[in-house]
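Commentary on secondary and tertiary structure
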Amino acid sequence: MSGLHASRAQWMRRIAGEAYSPSTDVPSLVNWYRADTVTIATGVSQLTDKKGSVNPTQATGSKQPTQNVADSLMGGRDSITFDGTQHALIAASPGIGA
């Protein structure tokens, strides 16, 4: 089955209400992060990789980004806000940028 047909089949299953999981339905997916699956300390201290094992972390509280629960700008889904200057999550594993 071509990539186009496989993607369309997956989309049709989702429309039909069947379970869809990027970790199994997207074979080339390397990492999968969601703003609602984080570890909170002062701010977001870790993003949990739902696909593999690359979990970006930040031990310093003042450098941790903010989790926005039920963010209205994201259709009621959680989001994460970085301040653009100090906030950073760093992955010790290769394959993902700092």
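Notes on the structure in this doc start here. Here the structure is a predicted model, which means the values were calculated and not measured.

1. Let's talk about the overall build of the protein chain
- When its secondary structure is counted, the protein chain shows two helices and four strands.
- From first element to last, N terminus to C terminus, the protein chain shows the α and β order α-α-β-β-β-β.
- By residue count, 22% of the 98 residues in the protein chain fall in the buried class.
- Look at the contacts in the protein chain between residues 6 or more apart in sequence, and 31% of them connect residues 24 or more apart.
- Of the roughly 6,600 Å² of accessible surface on the protein chain, 55% is carried by carbon and sulfur atoms.

2. Examining the pairing of strand β2 (residues 44-47)
- Here strand β1 (residues 38-40) runs beside β2; their pairing, made up of three bridges, is antiparallel. Bridge pairing in β2 links Ile40 to Val44.
- Linkage of β1 to β2, two consecutive antiparallel strands, is achieved through a turn of three residues.

3. Regarding the pairing of strand β3 (residues 66-71)
- As defined by bridge partners, β3 adjoins strand β4 (residues 77-81) across four bridges and the pair is classed as antiparallel. The residue bridging Asp71 from the neighbouring strand is Arg77, located in β4.

4. Things to note about the environment of Thr39
- Counting through the fold element by element, Thr39 comes out in strand β1.
- Separated by 28 residues in sequence, Thr39 and Gln67 place their C-alpha atoms 9.8 Å apart.

5. What to know about the side chain of Gln58
- Mapped onto the elements, Gln58 comes out in the loop between β2 and β3.
- A distance of 2.9 Å separates a polar side-chain atom of Gln58 from the backbone oxygen of Ala88.
- Not counting the four nearest positions on each side in its chain, Gln58 is found in contact with Ser45, Lys63, Gln64, Ala88, Leu89 and Ile90.

6. Considerations on the packing of aromatic side chains
- Within the structure shown, the criterion is met by zero aromatic pairs.
- Lying over the aromatic face of Trp32, Lys50 brings its terminal NZ or CZ to 5.4 Å of the ring centre.

7. Concerning unusual backbone geometry
- Of note in this structure, Ala70 is not a glycine but carries a positive phi near 55 degrees.
- Looking at the element boundaries, Ala70 is found in strand β3.

What counts, and at which threshold
- Residues numbered from 1 in each chain as written.
- Predicted model: local features only at pLDDT ≥ 70, side-chain atom pairs only at ≥ 80, totals over all residues.
- Heavy atoms only, no water.
- Helix = DSSP H or I, 4+ residues; strand = E, 2+ residues; numbered from the N terminus.
- Buried < 20%, exposed > 50% of the residue type's maximum accessible area, 1.4 Å probe, protein only.
- Contact = heavy atoms within 4.5 Å.
- Areas by Shrake-Rupley, 256 points an atom, 1.4 Å probe, with all protein chains shown as cover.
- Pairing = 2+ DSSP bridges.
- Polar contact = N/O pair within 3.5 Å; in protein donor to acceptor, adjacent residues only side chain to side chain.
- Phe/Tyr/Trp six-rings, centres within 6.5 Å; stacked < 30°, edge-to-face > 60°.
- Lys NZ or Arg CZ within 6 Å of the ring centre and 35° of its normal.

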